[in-house]
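Letter by letter, the chains look like this.
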Amino acid sequence: MPSSYGVNFNDVRHNADTYVPFQLDGTDITGGVFRMSLQNRQRIVVKTFTIGDGIEVVDALTGKFAFSLPHTAASLLPVGVYLHDLLYESPAGKVDRIWRGSMTVRAGITAP
């Protein structure tokens, strides 16, 4: 499992879906659990993503998964910069931080 990556989502828009695929090379993620929380500048967690709610397992055997934030969910977040990290818990209970970074949420111009 990697030590930790820096991942920044620099252009999340209120009026557009965000979908970003990832792969943990050489890692079978079958039966594992992902959790990612967004924290605002006041250090308050404003949203937590899990499998089925923002995190999608694409191919567990090859370690492929994706982060997904539909515009309907993005529009509920106030415009601003958030901090986040993604944790992966294996079926054996080992917890690894996969990444940490920031997310910049912006208003869109055209309504969807």
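Here, the structure is the one placed above.
One structure accompanies this document, and this report is about it. (Residues numbered from 1 in each chain as written. Predicted model: local features only at pLDDT ≥ 70, side-chain atom pairs only at ≥ 80, totals over all residues. Heavy atoms only, no water.)

Quick word on the environment of V45
And step 1. Considering the arrangement of structural elements, one finds V45 in strand β5 (residues 45-51).
And step 2. Looking at V45, the relative accessible area reads 46%, which means it is partly exposed.
And step 3. Taking the C-alpha atoms as reference, V45 lies 21 Å from E56; in sequence the two are 11 residues apart.
And step 4. With residues up to four places along the chain from it excluded, the contact list for V45 reads S37, L38 and Q39. (Helix = DSSP H or I, 4+ residues; strand = E, 2+ residues; numbered from the N terminus. Buried < 20%, exposed > 50% of the residue type's maximum accessible area, 1.4 Å probe, protein only. Contact = heavy atoms within 4.5 Å.)

A few points about the pattern of salt bridges
And step 1. Counted according to the given criterion, the structure contains 5 salt bridges.
And step 2. With a closest N to O distance of 3.5 Å, R35 and E89 form a salt bridge. With R35 in strand β4 (residues 33-39) and E89 in strand β8 (residues 80-89), this residue pair connects regions lying 54 residues apart in the sequence.
And step 3. Taking the relative accessible area as the measure of exposure, R35 reaches 30% and is therefore partly exposed.
And step 4. Judged by its relative accessible area of 28%, E89 falls in the partly exposed class.
And step 5. As a salt-bridge pair, D53 and K47 come within 3.2 Å of each other at their nearest N and O atoms. (Salt bridge = Lys/Arg side-chain N within 4 Å of Asp/Glu carboxyl O.)

Section: the pairing of strand β7 (residues 64-69)
And step 1. Looking at chain direction, strand β3 (residues 18-23) and β7 are connected through 6 bridges and run antiparallel. Counterpart to P21 in the pairing with β7 is A66.
And step 2. Where strand β6 (residues 54-59) and β7 come together, 4 bridges link them in antiparallel fashion. Across the sheet, D59 pairs through a bridge with K64, a residue of β7. (Pairing = 2+ DSSP bridges.)

Examining the pairing of β5
And step 1. In this structure, β4 lies alongside β5, joined through 5 bridges in antiparallel fashion. Each residue of the ladder has a partner; that of S37, found in β5, is T48.
And step 2. Turn length for the β4-β5 hairpin, with the two strands adjacent in sequence and antiparallel, is 5 residues, and the turn residue R43 shows positive phi of about 65°.
And step 3. Examined bridge by bridge, β5 and β6 share 2 bridges and lie parallel to one another.

A word on the packing of aromatic side chains
And step 1. This structure, assessed with the given rule, holds 8 aromatic pairs.
And step 2. Seen in terms of ring centroids, F9 and F67 are 4.9 Å apart; in terms of plane orientation they differ by 35°. Their pairing is tilted. Of the two residues, F9 sits in strand β2 (residues 9-13) while F67 sits in strand β7, which places them 58 residues apart along the sequence. Like F67, F9 is buried.
And step 3. Taken together, the ring pairs connect F9, F22, F34, F49, F65, F67, Y88 and W99 into an aromatic cluster. (Phe/Tyr/Trp six-rings, centres within 6.5 Å; stacked < 30°, edge-to-face > 60°.)

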